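# Secondary and tertiary structure notes
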Amino acid sequence: MNVEEQIKDILARITRVDKSIITRQSTFKEIKADSLDVVQALVAVEETFGIEIPDEDAQKFQNFGDFVSYVESRLPQKEKV
Amino acid sequence: MSLQGKLALVTGSGRGIGRAIALKLASQGADIVVDFFRHRESAEQTAKDIEALGVKAEVVRANVGDAAKIDELFDMIGNKFGRLDILINNAASGVGRPLADIDVKAWEWTMDINVRALLLCAQRAAKLMEGRGGKIVSISSLGSRFVLPNYTVVGVSKAALEALTRYLAIELAPRGICVNAVAASAVETEALKFYFKEGLVKDSRQVTPAGRMVVPEDVANVVAFLCSEEAFMIRGQIIIVDGGTSVGLLALAGKGAQ
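A few points on the structure. (Residues numbered from 1 in each chain as written. Chains lettered and ligands numbered in written order. Predicted model: local features only at pLDDT ≥ 70, side-chain atom pairs only at ≥ 80, totals over all residues. Heavy atoms only, no water.)

The next subject is the overall build of chain A. Scanning chain A for helices and strands turns up four helices and zero strands. Ordered by position from N to C terminus, the α and β elements of chain A give α-α-α-α. Whereas a compact globule of 81 residues would reach a radius of gyration of roughly 12 Å, chain A reaches 11 Å, a difference of no more than 12%. Once the C-alpha set of chain A is aligned to its principal axes, its extents read approximately 30 × 25 × 20 Å. Scored against the burial criterion, the 81 residues of chain A give a buried share of 52%. Put simply, of all contacts in chain A between residues at least 6 apart along the chain, 51% involve residues at least 24 apart. Carbon and sulfur atoms provide 48% of the accessible area of chain A, an area that totals close to 4,400 Å². Across chain A, the centroid of the 11 positively charged side chains sits 3 Å from that of the 16 negatively charged ones. (Helix = DSSP H or I, 4+ residues; strand = E, 2+ residues; numbered from the N terminus. Rg over C-alpha atoms; globule rule 2.2 N^0.38 Å. Buried < 20%, exposed > 50% of the residue type's maximum accessible area, 1.4 Å probe, protein only. Contact = heavy atoms within 4.5 Å. Areas by Shrake-Rupley, 256 points an atom, 1.4 Å probe, with all protein chains shown as cover. Lys, Arg positive; Asp, Glu negative; His and termini not counted. Charge placed at Lys NZ, Arg CZ, Asp CG, Glu CD.)

This next bit is on the side chain of B:Asn63. Residues and elements named next belong to chain B. Mapped onto the elements of the fold, asparagine 63 is located in the loop between β3 (57-61) and α3 (67-80). Given a relative accessible area of 12%, asparagine 63 falls into the buried group. A distance of 2.8 Å separates the side chain of asparagine 63 from the backbone nitrogen of glycine 65, its partner in a polar contact. (Polar contact = N/O pair within 3.5 Å; in protein donor to acceptor, adjacent residues only side chain to side chain.)

Now for the packing of aromatic side chains. Applying the stated criterion across every chain, the model contains four aromatic pairs over all chains. With 6.1 Å between their ring centres and 65° between their planes, A:Phe28 and A:Phe67 make a pair best called edge-to-face. On the criterion of sequence distance, the pair formed by A:Phe28 in the loop between α1 (3-15) and α2 (35-49) and A:Phe67 in helix α4 (residues 64-74) is long-range, its members being 39 residues apart. According to the relative accessible area criterion, A:Phe28 is buried, its value standing at 14%. Ring centres of A:Phe61 and A:Tyr70 lie 5.3 Å apart, and the angle between their planes is 55°; on these two criteria the pair is classed as tilted. Counting every residue linked through ring pairs, the aromatic cluster contains A:Phe28, A:Phe61, A:Phe67 and A:Tyr70. Above the plane of the ring of B:Phe37 lies B:Arg38, whose end atom (NZ or CZ) is 5.4 Å from the centre. Geometry around B:Phe232 places B:Arg235 over its ring, the cationic atom sitting 4.5 Å from the centre. (Phe/Tyr/Trp six-rings, centres within 6.5 Å; stacked < 30°, edge-to-face > 60°. Lys NZ or Arg CZ within 6 Å of the ring centre and 35° of its normal.)

Right, let's get into the pattern of salt bridges. Within the structure shown, the criterion is met by 26 salt bridges over all chains. Across the pair B:Lys69 and B:Asp66 runs a salt bridge, and its minimum N-O distance is 3.8 Å. What makes B:Lys69 partly exposed here is its relative accessible area of 23%. One salt-bridge network, in which partners are shared between bridges, spans A:Glu5, A:Lys8, A:Asp9 and A:Lys19. (Salt bridge = Lys/Arg side-chain N within 4 Å of Asp/Glu carboxyl O.)

Taken residue by residue, the interface counts 16 residues in chain A and 16 residues in chain B. Summing the contributions of chain A and of chain B, the shared interface buries around 1,300 Å²; its carbon and sulfur component is 44%. Its largest share of buried area at the contact with chain B, chain A owes to A:Leu36, A:Glu52 and A:Glu56, together 40% of the area lost on that side. For A:Asp34, the salt bridge is made with B:Arg97, and the minimal N-O distance between the two is 2.4 Å. (Buried area = accessible area lost by both parts, 1.4 Å probe.)

Turning next to the packing of helix α1 (residues 16-27) of chain B against helix α2 (residues 40-51) of chain B. All names here are of chain B. Put simply, α1 and α2 touch, their axes get as near as 9 Å, and they point 20° apart. Here α1 is positioned roughly parallel relative to α2, judged by the angle of their axes. Regarding α1 and α2, the two cross each other, and that crossing is right-handed. Counted together, Arg19, Ala22, Leu23 and Ala26 of α1 and Gln45, Thr46, Asp49 and Ile50 of α2 form the full contact between these two elements. (Axes fitted to C-alpha atoms, helices over the stretch in contact; angles between N-to-C directions. Parallel < 35°, antiparallel > 145°, perpendicular 65-115°, else oblique. Left-handed = near helix turned anticlockwise from the far one by under 90°.)

In short, geometric facts, not functional conclusions.
Written out as structure tokens, the structure reads:
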């Protein structure tokens, strides 16, 4: 499973939305993720990928696509799919 | 300097009240373990400012809402320092919602970080304080005993924190460990900006008899006192730092405060 699908699964699990509604253009509001959901998603993504996402960076995410691109940019090259 | 050679862990000390406490204890000679969860840059800045005071700082990332992360944090302290003199249980989180909207997730998140962390940290800290005594001070808020809008889950967590403080104080007393808490009203921090946004607090200067808002240093000063030997006989107490807000409410109402 690629990075995007893994993050989608995490978000869908936390917000209990159907993952099919999540696109790269979706905002956290559209995914029905409140501020606690977002923090929990960040923590889950950090643990899944072994990276650290400071709030200073996370606050810049405008949509799901930004989140995915950020995580991809933080992974070692070989892990990208 | 009264805390020379002591080692203090301050949870959530990247910013706000925790940062002010870390700097205050450092200014009295204590080495500091700076714990953070979401703001590494701030934590590293706190550590730099601590080191500028001539003491050591160790930055560690640990979400105290996660029991495994608390274990890792204390394993590190045990391995690296083999002791702990002061635990400041400051890290806190919360969800600002009306009662009807508090779900299990919001409840557990808040309780785990604000209350369970004190239990788990105190258990581990007490072992590192064995034979040397120590101080445990938690940060509470007025919401533990007064009702603030949309503050239910945090207020309840702080009430539990205060109760736990009393129980810990008695159980740990024979080991020479002093356990207390400081309850503040709204303090001017980054977190407060969030609460303003969520509508949890209004401008509290109007209801503070002391004429200004509480600042992190006001809280840090009292915490530092509780960490001193002068406070040895204070056990299981909740010291309120609110510029008179809680005792002055009726007086202010009489004045027709907005």
